[in-house]
Amino acid sequence: MALEHPGAFARDLLTLVKPGVRGLNVLMAAGGLALAGTGGDAGRAAVALLATAVLVGSANALNMAIEASTDRQMARAADRPIAAGRLSRRWIGSASAVSALAALGALWLWVNTWTAGLGAAALLLY
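It should be emphasised that the depicted structure is a prediction, and the values quoted were computed from it without experimental measurement.

Peer 1: Can you walk me through the pattern of salt bridges in this structure?
Peer 2: In a structure, side chains of opposite charge can pair up when their charged atoms sit close to one another. In total, this model carries four salt bridges according to the counting rule given. As a salt-bridge pair, aspartate 71 and arginine 80 come within 3.3 Å of each other at their nearest N and O atoms. Summarising the burial analysis for this pair, aspartate 71 and arginine 80 share the class buried. Among the salt bridges present, the one from arginine 86 reaches aspartate 79, with a minimum N-O distance of 2.9 Å. The network of salt bridges with shared partners includes Asp12, Asp79 and Arg86.

Below is the structure:
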């Protein structure tokens, strides 16, 4: 499928990370950074925003992998990439878990433990 229709494959991957939801989360994180101030550390702010984008996208994709059987039964969700069988539940689940762990590691190493902890809590609760 992916090799035959690379455009459709790319659209399905984009659907998994829900760009609108992810964008709003990054915007809220940027607002928080602006209110808190970065202390002149633009690099740390950039890592925080990038890791937040990766973490939110991973959470969205993991949710679709976990909920695929339920999504198949709902008209509004039945055409999602995993529920429709266009992407592998195992592959997306694994890739999303790895990218979520990488994002949490980046938050922990280069931002702070509070941000990483809140990110981990949000991932688990979503």
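Here the narrative resumes.
Peer 1: So what exactly am I meant to see when it comes to the packing of helix H2 (residues 19-36) against helix H3 (residues 42-66) here?
Peer 2: Pairs of packed helices are described in terms of their axes, by the angle between the two and the distance that separates them. For the pair H2 and H3, the least separation of the axes is 9 Å and the interaxial angle reads 150°. On the basis of their axis angle, the class for H2 and H3 is roughly antiparallel. Of the two elements, H2 crosses H3, and the hand of that crossing is right-handed. Across the interface between the two elements, Val21, Arg22, Asn25, Val26, Ala29, Ala30 and Leu33 of H2 pack against Ala45, Ala48, Leu49, Thr52, Ala53, Val56, Gly57 and Asn60 of H3. Each residue belonging to the contact of H2 with H3 can be placed in one class, and the counts come to ten nonpolar, four polar and one charged.

Peer 1: Would you explain the packing of H3 against helix H5 (residues 89-110) in this entry?
Peer 2: Relative orientation of the contacting elements H3 and H5 amounts to 155°, with a least axis distance of 8 Å. Considered as vectors, H3 and H5 are oriented roughly antiparallel to each other. As for the relative orientation of H3 and H5, their crossing is left-handed in sense. Here Arg44, Val47, Ala48, Ala51, Val54, Leu55, Ser58, Ala61, Leu62, Ala65 and Ile66 of H3 come into contact with H5, specifically with Arg89, Ile92, Gly93, Ser96, Ala97, Ser99, Ala100, Ala103, Leu104, Ala106, Leu107 and Trp110. Partitioning the contact of H3 with H5 into residue classes produces 17 nonpolar, four polar and two charged.

Peer 1: I would appreciate a short explanation of the side chain of arginine 80 in the present structure.
Peer 2: Considering the arrangement of structural elements, one finds arginine 80 in the loop between helix H4 (68-71) and H5. Accessibility expressed as a relative area gives 19% for arginine 80, which makes it buried. Look past the residues within four positions of arginine 80 in its chain and what remains in contact with it is Lys18, Met64, Asp71 and Arg86.

Peer 1: When you look at the environment of alanine 42 in this model, what are you seeing that I'm missing?
Peer 2: For alanine 42, the location among the structural elements is in helix H3. Separated by 36 residues in sequence, alanine 42 and alanine 78 place their C-alpha atoms 42 Å apart.

Peer 1: Please clarify how the side chain of aspartate 71 should be interpreted in this entry.
Peer 2: One can find aspartate 71 in helix H4. A residue is classified by how much of its surface remains accessible, and aspartate 71, at 4% relative accessible area, is buried. Not counting chain neighbours up to four residues away, the residues in contact with aspartate 71 comprise Met64, Ala77, Ala78, Arg80 and Ala83.

Peer 1: How should the layout of surface pockets be read in this particular structure?
Peer 2: Taking a probe equal in size to a water molecule and rolling it over the atoms shows the remaining empty space. The space that makes up the largest pocket amounts to roughly 610 Å³. Lining of the largest pocket is provided by 25 residues; of these, Ala29, Thr52, Leu107, Thr115 and Gly119 occupy positions nearest its centre. Breaking the lining of the largest pocket down by element, the ones donating at least two residues are H2, H3 and helix H6 (113-125). It is H3 that contributes the most residues to the lining of the largest pocket, eight residues altogether.

Definitions and limits used
- Residues numbered from 1 in each chain as written.
- Predicted model: local features only at pLDDT ≥ 70, side-chain atom pairs only at ≥ 80, totals over all residues.
- Heavy atoms only, no water.
- Salt bridge = Lys/Arg side-chain N within 4 Å of Asp/Glu carboxyl O.
- Buried < 20%, exposed > 50% of the residue type's maximum accessible area, 1.4 Å probe, protein only.
- Axes fitted to C-alpha atoms, helices over the stretch in contact; angles between N-to-C directions.
- Helix = DSSP H or I, 4+ residues; strand = E, 2+ residues; numbered from the N terminus.
- Parallel < 35°, antiparallel > 145°, perpendicular 65-115°, else oblique.
- Left-handed = near helix turned anticlockwise from the far one by under 90°.
- Contact = heavy atoms within 4.5 Å.
- Nonpolar A, V, L, I, M, F, W, Y, C, P; charged D, E, K, R; others polar.
- 1 Å grid on protein atoms, 1.4 Å probe; cavity = no way out; pocket = protein on both sides within 12 Å on 5 of 7 lines; lining within 4 Å.
- Points joined across faces, edges and corners; volume = space filled by probe spheres on them.

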